[in-house]
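# Summary of structural features
What follows is the residue order along each chain.
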Amino acid sequence: MSTSPKTRILILGGGFGGLYAALHLDKTFASDPNVEITLVSRDNYVLFTPMLHEVASAELEMSDIVSPIRKMLRRAAFFEAEVQSIDLTARRVTVGYGVPVRRQELPFDHLVLAMGSETNFFNLPGLAERAITMKSGADPFLLRNRVIALLEYASLEESESERRAMLTFVVAGGGFAGVETIGALNDFVREAVLSYPKLNADWIRVLLVHPGAVVLPELGESLGLYAEKKLRQRRVEIQTGTRVLGYSEKGVELSHGETIRTATLIWTAGVTPAAALKDLSCRKEKDRVVVDDNLEIPEFPGVWAVGDCAWILNRKTGKPHPPTAQHAIRQAVQAAKNIAAAIRGGEKKPFVFSTLGQLATIGRRTGVASIFGIHFSGFVAWFLWRSVYLMKLPRFEKKVRVALGWTLDLFFPPDLAQYVTVRDIEYLHEHLAQLKKNVREREPEPVPTIQH
C-alpha cells in the first residue's frame, strides 16, 4: 500500500498578499490531507498599515491594528522567520530565526512571493542611521514615544534655539504615507504642547518636503492642492520641488541649500522590493519580479508573485499594476485560485482589476478621496476613509476595538505616556549584547531541511 507525496505550498510574507493567499488556500484545501500549506513571515501578525499614522498620533493603540496570524489560519502551518535565500532551481527556501540565527531549508512545489517592500534610503548620507520610517509595526509606536520624549526634554532645556530644534519635525515624501503622517503628527504635537506650560506653541515647526510639484499626485492636482491648502491652514509648512540630500547632527540638508535643524526626520519617500528577491535568477523590472497574466513566473512554473514585489502588466493601461493594498489582496486571491487549478488540473485565469478608489486623511476630521473617478474632500472624505478602512480591517474583534478607540478620541485628549525611554533601550541593548556574548563561541549548526 503506497501513499502519494504531499503537495507543498510555501508562502513568503505575512502582509496583505501573503495572508490573503494563505487564507484562500487554507479554506480551499481544508479537507485535503495531500496538500500542505506553510506561511513564513518575520512577524507573527498582520499589520494594517493604512492606520499606522493613527497609532503615531495616539488615536489608536498598536494592538488595535495588528491581528495574530495563527488565530486566522485553521490548518496551515506558520513559521516566524526571516527569508535568507531562495533557490528557484532547487525549489528550496532557506529561512533564519532566533538569536543567534539558526537556519532551516523549506522545500516547495508551489511558492508564493509576497514579501512586500522595504524602505529605500537611496544611499543618502545619514538617513539609514538617523531617520524614522513609517513601514513596520514598531515605527509609529517609537515615533510617538520620541515626540513625547522631545517635549519632555524641551521643557527642561534653557536654550530657545535648542528647544526650537527639538520641536521641529520634518517629513520627507508627499505621498499617502507622508501626508497622513504629517497631518496626524501636527495635530498630536500642537495638542500635546498645551500640557507643557514652559513651551511656546510658536516654537513648533512641522515641515513636509516633497520632490514633486504637488502632494498626493496619485489623487490628481485638484485634491493635492486642496490637501496642501488645508495643511497650511493648520500651520504645516510644505516645500514642493525639494529633495532631502542628507541628515547629520547639523540637521536635514535640502536640495535648495537650506539645512533644517531638527531632531526628527520621518522618511516616507521611497520603497524597494525585499532584499531576498535581488538574487533571484528570473526577469525583474525595477527589482520587482515579472510575472505573466496568471501571476506566475514564466521561467519557473509553480512560482508566483503578488503585491509590492510583483511586476504585472495591466493590459488596459499598458502600465504595471500599482503596489497598493487593494491590488495585493486581489492578486493574492487570484494566485491562490490558480494554484488550486494547477494542483487539481483546472484552468488558470488571468488577473484583471482596476483601481476602485484612493483615500487619505490630512488631519483631524479632514480628508481627500477619489472613488470611481468622483472626488471628495473635507469631512465627507475623512468619514469615507474611516468607514472603508474599518470594513477592511481584519477580524471583528479589531473592528470593535478601533471603533471604540475612535469614539473615545472624540471626548478625550491624546495619551502622553512615554512607554519607551532611553533607559529601556540601553537595557535591551545590554541584554542582547550579553546574549550574543554567551553564544558566540557555539559551533555553527548544520542547516536542517524540513521534510514533509
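Refer to the structure above for everything that follows.
Residues numbered from 1 in each chain as written. Predicted model: local features only at pLDDT ≥ 70, side-chain atom pairs only at ≥ 80, totals over all residues. Heavy atoms only, no water.

### What about helix α7 (residues 176-192)?
Its 17 residues give α7 an end-to-end C-alpha distance of 24 Å, which sits within 8% of 24 Å, the value for a rise of 1.5 Å per residue. Among the 17 residues in α7, 15 count as buried, and that is most of the element. (Helix = DSSP H or I, 4+ residues; strand = E, 2+ residues; numbered from the N terminus. Expected span 1.5 Å × (residues − 1). Buried < 20%, exposed > 50% of the residue type's maximum accessible area, 1.4 Å probe, protein only.)

### Let's talk about the side chain of serine 155
Following the sequence through the fold, serine 155 ends up in helix α5 (residues 138-156). Residues within four places of serine 155 in sequence aside, it is in contact with Arg163, Tyr196, Lys198 and Leu199. (Contact = heavy atoms within 4.5 Å.)

### Considering the layout of surface pockets
Volume-wise, the second largest pocket comes out at about 380 Å³. If you trace the second largest pocket, you find 19 residues lining it, with Ile132, Leu142, Asn145, Arg146 and Ile425 closest to the centre. Those elements that provide at least two residues to the lining of the second largest pocket are α4 (127-130), β11 (132-133), α5 and α12 (422-439). The biggest single contributor to the lining of the second largest pocket is α5, with seven residues. When its residues are assigned to classes, the lining of the second largest pocket shows eleven nonpolar, four polar and four charged. (1 Å grid on protein atoms, 1.4 Å probe; cavity = no way out; pocket = protein on both sides within 12 Å on 5 of 7 lines; lining within 4 Å. Points joined across faces, edges and corners; volume = space filled by probe spheres on them. Nonpolar A, V, L, I, M, F, W, Y, C, P; charged D, E, K, R; others polar.)

### Observations regarding the state of the cysteines
If you walk through the whole model with that rule in mind, you get zero disulfides. Summary of cysteine pairing: cysteine 282 is not part of a disulfide, and the nearest cysteine sulfur, belonging to cysteine 309, is at 10 Å. For cysteine 309, a relative accessible area of 0% puts it in the buried group. (Disulfide = S-S within 2.5 Å.)

### A closer look at the pairing of strand β24 (residues 357-361)
Most of β24 is tucked away: five of the five residues are buried. In β24, alternate side chains face the same way, and those of Gly357, Leu359 and Thr361 on one face and Gln358 and Ala360 on the other are all buried. In the sheet, β24 pairs with strand β25 (residues 367-371) via five bridges, with the strands oriented antiparallel. Bridge pairing in β25 places alanine 360 opposite valine 368. In this structure, the hairpin formed by β24 and β25 is closed by a connection of five residues, where glycine 363 is found at a positive phi of approximately 130°. (Pairing = 2+ DSSP bridges.)

### A closer look at the nonpolar core
Soluble globular proteins tend to pack their nonpolar side chains together in the buried interior. Ranked by internal contacts, the top residues of the largest apolar core, which has 60 residues, are Met51, Ile65, Val147, Leu151, Leu199 and Leu216. The leading source of residues in this core is α7, at seven residues. If sequence neighbours within four positions are ignored, leucine 199 has contacts with Leu151, Ala154, Ser155, Arg163, Leu167 and Val193. Counting residues in hydrophobic clusters, the runner-up holds 53 residues, among them Ile37, Trp304, Ala305 and Ala310. (Core = buried A, V, L, I, M, F, W, Y, C linked by side-chain atoms within 4.5 Å.)

Read these as geometric descriptors, not functional statements.
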